[in-house]
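Coordinate analysis (summary)
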Amino acid sequence: YDRGHMAPAATTGTTESTMSDTFLLSNMSPQTAQFNRFGWADLEAAVRDCVYQERALLVVTGPVVSASSPVRIGGDGPVVPDAYYKFVMTVAAPYQAFAVLIPHEGFTMQQLSGFVVSPDELEAATGLDFVSGLDDEIEDAMEAESVDFCGMTSL
């Protein structure tokens, strides 16, 4: 397995200190090479480009373990996630969000549209509430559907 970074070194800045922080085990999750080195790397680059385009975005990334008996490295080591997600949101009105939930298997950016979910669906799959600080009416409207405001599904 690769040590998949949740916050990639390329997105954290240019200082040695901030880049080296991304190599802490708390920022890593086991990823197969086919997942990490191809589709996931391309998705990270697309999100990075989106940040440059939009200037200010909230990006949340993480693993999803849904199996009742998950695969563990070495039998009792780290859990291997079933899927990974990215939640990308504008931080100013009009609020929009883009969410993907990707099975932990090789994929390409041409397949990304098949993994797009609404933010509500992503919250249900992860048990997380990504934007609880927004007014409920605004949050409900934003979480009803993913908006591909950077065109990631057309790459």
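Below you will find a few notes about this structure.

What counts, and where the lines are drawn
- Residues numbered from 1 in each chain as written.
- Predicted model: local features only at pLDDT ≥ 70, side-chain atom pairs only at ≥ 80, totals over all residues.
- Heavy atoms only, no water.
- Buried < 20%, exposed > 50% of the residue type's maximum accessible area, 1.4 Å probe, protein only.
- Helix = DSSP H or I, 4+ residues; strand = E, 2+ residues; numbered from the N terminus.
- Arc of directions from axis to C-beta.
- Phe/Tyr/Trp six-rings, centres within 6.5 Å; stacked < 30°, edge-to-face > 60°.
- Polar contact = N/O pair within 3.5 Å; in protein donor to acceptor, adjacent residues only side chain to side chain.
- Contact = heavy atoms within 4.5 Å.
- Lys, Arg positive; Asp, Glu negative; His and termini not counted.
- Salt bridge = Lys/Arg side-chain N within 4 Å of Asp/Glu carboxyl O.
- Disulfide = S-S within 2.5 Å.
- Core = buried A, V, L, I, M, F, W, Y, C linked by side-chain atoms within 4.5 Å.

The next thing to look at is helix α4 (residues 136-143). Looking only at α4, the buried set comprises E139, M142 and E143. Down the axis of α4, the buried set is contained in an arc of 90 degrees. They therefore lie on one face. Within α4, the exposed residues directed more than 90 degrees away from the buried face are E137 and A141.

A few words now on the packing of aromatic side chains. Any pair of aromatic rings gets described here by the distance separating the centres and the angle formed by the planes. Scanning the entire structure with this criterion turns up 7 aromatic pairs. Residues F87 and F130 carry aromatic rings whose centres are separated by 4.6 Å and whose planes lie at 10 degrees to one another, so their mutual orientation is stacked. Placement of F87 in strand β4 (residues 83-90) and of F130 in the loop between α3 (119-126) and α4 is noted, with a sequence separation of 43 residues between them. Take F87 and F130: they sit in the same class, and that class is buried. Ring pairing ties together the aromatic residues F35, W40, Y84, F107 and F115, which thus form one cluster.

All right, on to the side chain of S146 then. Along the chain, the position of S146 falls in the segment after α4. For S146, a relative accessible area of 18% corresponds to the buried category. Of the polar contacts made by the side chain of S146, one reaches the backbone nitrogen of A99; its length is 2.9 Å. In terms of polar contacts, S146 uses its side chain to reach the backbone carbonyl oxygen of V117, at 2.5 Å. Setting aside anything within four residues of it in sequence, one finds S146 in contact with A97, F98, A99, V116, V117, S118 and P119.

Another point: the side chain of E44. Checked against the element boundaries, E44 lands in helix α2 (residues 33-54). K86 is the oppositely charged side chain nearest to the buried, salt-bridge-free E44, at an N-O distance of 4.7 Å.

With that out of the way, let us pick up the state of the cysteines. Applying the stated criterion across every chain, the model contains 1 disulfide. There is a disulfide in this structure between C50 and C150, and the S-S distance comes to 1.8 Å. Here the disulfide of C50 and C150 is right-handed, its torsion about the S-S bond being about 70 degrees. Of this pair, C50 sits in helix α2 while C150 sits in the segment after α4; the two residues are 100 residues apart in sequence, bridging distant segments of the chain. The pair formed by C50 and C150 is uniform in burial state, with each residue classed as buried.

Of all hydrophobic cores here, the largest spans 20 residues; its most connected members are L43, I102 and L112. Contributing elements (two or more residues each) for this core: α2, β4 and β5 (97-103). Among the elements that line this core, the one with the most residues is α2, at 6 residues. Ranked by size, the runner-up nonpolar core spans 13 residues in total, among them A99, V117, V131 and L134.

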